[in-house]
Amino acid sequence: MACRTMFQFYQSRLASSAAAVRLSAAEARSQRNAVFSKEQARQRALYPRTEKIEVSLQGPGLQGTLLVMNKGVSTPHSCAKHLTEWHLNSAALALVDGEPWPLHRPLTGSCSLSLLTFKDADPLLANQAYWQSCAAILGQVLEDAFKDEYYVELLPVPQVSVTAGAFCCDVVLDPQLDSWTPSEESLLSLTRSAQRLVHQDLPWEPLEVAPPVALEAFGHSRCKQQEVEEKAAQNPKGTVTLYRCGEHILLSGGPLVARTGLCSQYEVTAMHTLGEGRWGLHRRTQGLSLPLQLQAHHTVWRKLKKRAKKLVPAESANETVPSALTPPSSSEMAPPPTGQQ
């Protein structure tokens, strides 16, 4: 009860701070990174001396393989380095004692380990993580796409099925942009920025943290503070997971794949206006992507893209969605950045 009271006090104090000061995108990014790096260093210091663990590998051709790794330091990705180049390049996610586990999350004890790929007999977990990861790339692109005087608020990512036809990233833009909707040229600019992230092949670094740490990282955003509280309440351990990709920090409800370079074909297909919500004018940006191991012929891709332009309905996104508007063209978007973080 005392912990809950402290959590609410900490949240209310940060919410007041967020209301008083609105940071620029660069300042907010710097604050989030500083908090992430500090907490990451603190957690690594919990293992001051090397302690060995045994990792029993599962999967075709790996039965009976035992690796001796370092507790709190070694990750499933570290284990993959001891296998073939195919395992290292193809692994998207891991199962640790049957639990979905990001490839860059340290192992905390002896365990069984399976490396998941998109070509497994049952690729459901890898596909779900991939869809979440594509939405994470889109969120990063949207945060960096507009001029610095316009703020961008990323809303909780809709839990969209991989059969919905598109991944989604919900967003609220600065009120100055309420009358703006993107042209085809603007969507192409977003696509190019996403493809630059893909080509950089950046890892997604996970970090499981207590709610006060996440609240400090997102102290500039009331929306994210509420999301932290909700995700912490849903987790039996009471923690939330942050991910870092370059200099971008995000809050995720599910595991992400190992790196941006696992994406192959990637395109931003639409931005639909959903209507007024608690945080302002809610918009749903949608996209389409296929992983490196599963590429489509251009004729098939065109059909998939046509489907991905349609608004993902409420039943697919697990929320109520007002009717969408037809977007006219505009030129409010800044030119695509010369490089990603």
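Because the structure is predicted, anything quoted here is derived from the model rather than measured.

Rules of the game
- The numbers attached to residues start from 1 for each chain and follow its sequence in the written order.
- Owing to the predicted nature of the model, reporting of local features is limited to residues with pLDDT of at least 70; listing and counting of side-chain atom pairs is limited to 80 or more, with chain, interface and lining totals taken over all residues.
- Only hydrogens and water are removed before side-chain values are computed, so all heavy atoms of the structure are retained for them.
- Side-chain rings of Phe, Tyr and Trp, where Trp is taken by its six-membered ring, are said to pair if the distance between their centres is within 6.5 Å; with planes under 30 degrees apart they count as stacked, over 60 as edge-to-face, and otherwise as tilted.
- Secondary structure elements are taken from DSSP: a helix is a run of H or I of four residues or more, a strand is a run of E of two residues or more, and numbering for both begins at the N terminus.
- Relative accessible area decides the class of each residue, using a 1.4 Å probe on protein chains only: under 20% of the type maximum gives buried, over 50% gives exposed, and in between gives partly exposed.
- For a lysine, the NZ atom is tested; for an arginine, the CZ atom; a charge sits over a ring if that atom is within 6 Å of the ring centre and within 35 degrees of the ring normal.
- Here, strands pair whenever DSSP counts at least two bridges between them.
- Between the N-to-C directions of two axes lies an angle of 0 to 180 degrees, each axis being a line fitted to C-alpha atoms and, for a helix, fitted only over the stretch in contact.
- Among the buried residues, those of types Ala, Val, Leu, Ile, Met, Phe, Trp, Tyr and Cys that are joined through side-chain atoms within 4.5 Å form a nonpolar core.
- Throughout, a residue-residue contact means that at least one pair of heavy atoms, one from each residue, lies within 4.5 Å.
- Expected helix span is computed as 1.5 Å times (number of residues minus one).
- Any Lys or Arg side-chain nitrogen found within 4 Å of a carboxyl oxygen on Asp or Glu counts as a salt bridge.

Colleague: For this particular structure, what's the right way to read the packing of aromatic side chains?
Modeller: In this description, a pair of aromatic rings is defined by centroid distance and the angle of the planes. Inspection of every chain in the model, using the stated rule, returns four aromatic pairs. Taking 5.4 Å as the distance between ring centres and 85° as the angle between the ring planes, the aromatic pair formed by Trp 131 and Phe 167 counts as edge-to-face. With Trp 131 in helix H5 (residues 124-145) and Phe 167 in strand S7 (residues 167-173), this residue pair connects regions lying 36 residues apart in the sequence. For Phe 167, a relative accessible area of 1% translates into the label buried. In this structure an aromatic cluster arises from ring pairing among Trp 131, Phe 167 and Tyr 266. The ring of Trp 101 has Arg 105 sitting right over it, with the charged end atom 3.8 Å from the ring centre.

Colleague: What is the right way to look at the sheet that holds strand S9 (residues 240-245) in this model?
Modeller: Two pairing modes exist for strands in a sheet, parallel and antiparallel, and in both the strands are linked by backbone hydrogen bonds. Spatially, three strands are ordered S8-S9-S10 in an open sheet, and the strand pairing comes out antiparallel. Every interior strand has two partners, whereas the edge strands, strand S8 (205-209) and strand S10 (248-252), have only one. Averaged over neighbouring strand pairs, the angle between their axes works out to 30° when direction is ignored. Examined bridge by bridge, S8 and S9 share five bridges and lie antiparallel to one another. For Leu 207, the partnering residue across the bridge sits in S9 and is Leu 242.

Colleague: So what exactly am I meant to see when it comes to the nonpolar core here?
Modeller: Generally speaking, soluble globular proteins have nonpolar side chains that are buried together. Formed by 72 residues in total, the largest nonpolar core has its most connected members in Val 55, Ile 137, Trp 204 and Tyr 266. No other element matches H5, which puts 12 residues into this core. Setting aside anything within four residues of it in sequence, one finds Ile 137 in contact with Ala 194, Leu 197, Val 198, Trp 204, Thr 260, Cys 263 and Tyr 266. The next biggest cluster of nonpolar side chains, apart from the first, holds 15 residues, and it includes Phe 36, Ala 214, Ala 217 and Leu 251.

Colleague: Please explain the pairing of strand S1 (residues 52-58) as it appears in this structure.
Modeller: On a regular strand, each side chain points to the face opposite its neighbour's, so the side chains alternate between the two faces of the sheet. Residues Ile 53, Val 55 and Leu 57 line the buried face of S1, whereas the alternating positions Lys 52, Glu 54, Ser 56 and Gln 58 sit on a face that is not buried. One ladder, built from four bridges, connects S1 with strand S5 (residues 111-116); its direction is parallel. Within S5, the residue paired with Leu 57 across the bridge is Leu 113.

Colleague: What exactly am I supposed to notice about H5 here?
Modeller: An α-helical turn contains 3.6 residues, so any two residues separated by three or four positions project in the same direction. Between its first and last C-alpha, H5 extends 32 Å over 22 residues, near the 32 Å set by a 1.5 Å rise per residue. Burial runs high along H5: 18 of the 22 residues are buried.

Colleague: Looking at this model, I keep getting lost on the environment of Ala 145. Mind explaining?
Modeller: Among the secondary structure elements, Ala 145 is positioned in helix H5. Spatially, the C-alpha atom of Ala 145 lies 7.2 Å from that of Leu 190, the residues being 45 residues apart in sequence.

Colleague: For this particular structure, what's the right way to read the pattern of salt bridges?
Modeller: Opposite charge on two side chains allows them to pair when their charged atoms are near. What the rule picks out here adds up to 13 salt bridges. A salt bridge links Glu 51 to Lys 71, with the shortest nitrogen-to-oxygen separation between them at 3.9 Å. Here the residue Glu 51 occupies a position in the loop between helix H2 (25-44) and S1, and Lys 71 occupies one in the loop between strand S2 (66-70) and helix H3 (76-80), the gap between them amounting to 20 residues. The salt bridge involving Lys 309 is made with Glu 184; its shortest N-O contact spans 3.6 Å. Placement of the pair is Lys 309 in the loop between helix H9 (298-308) and helix H10 (314-317) and Glu 184 in helix H6 (residues 184-200), with a sequence separation of 125 residues. Since its relative accessible area comes to 30%, Lys 309 is described here as partly exposed. Salt bridges here are not isolated pairs; linked through shared partners, they connect Arg 105, Glu 208 and Lys 237.

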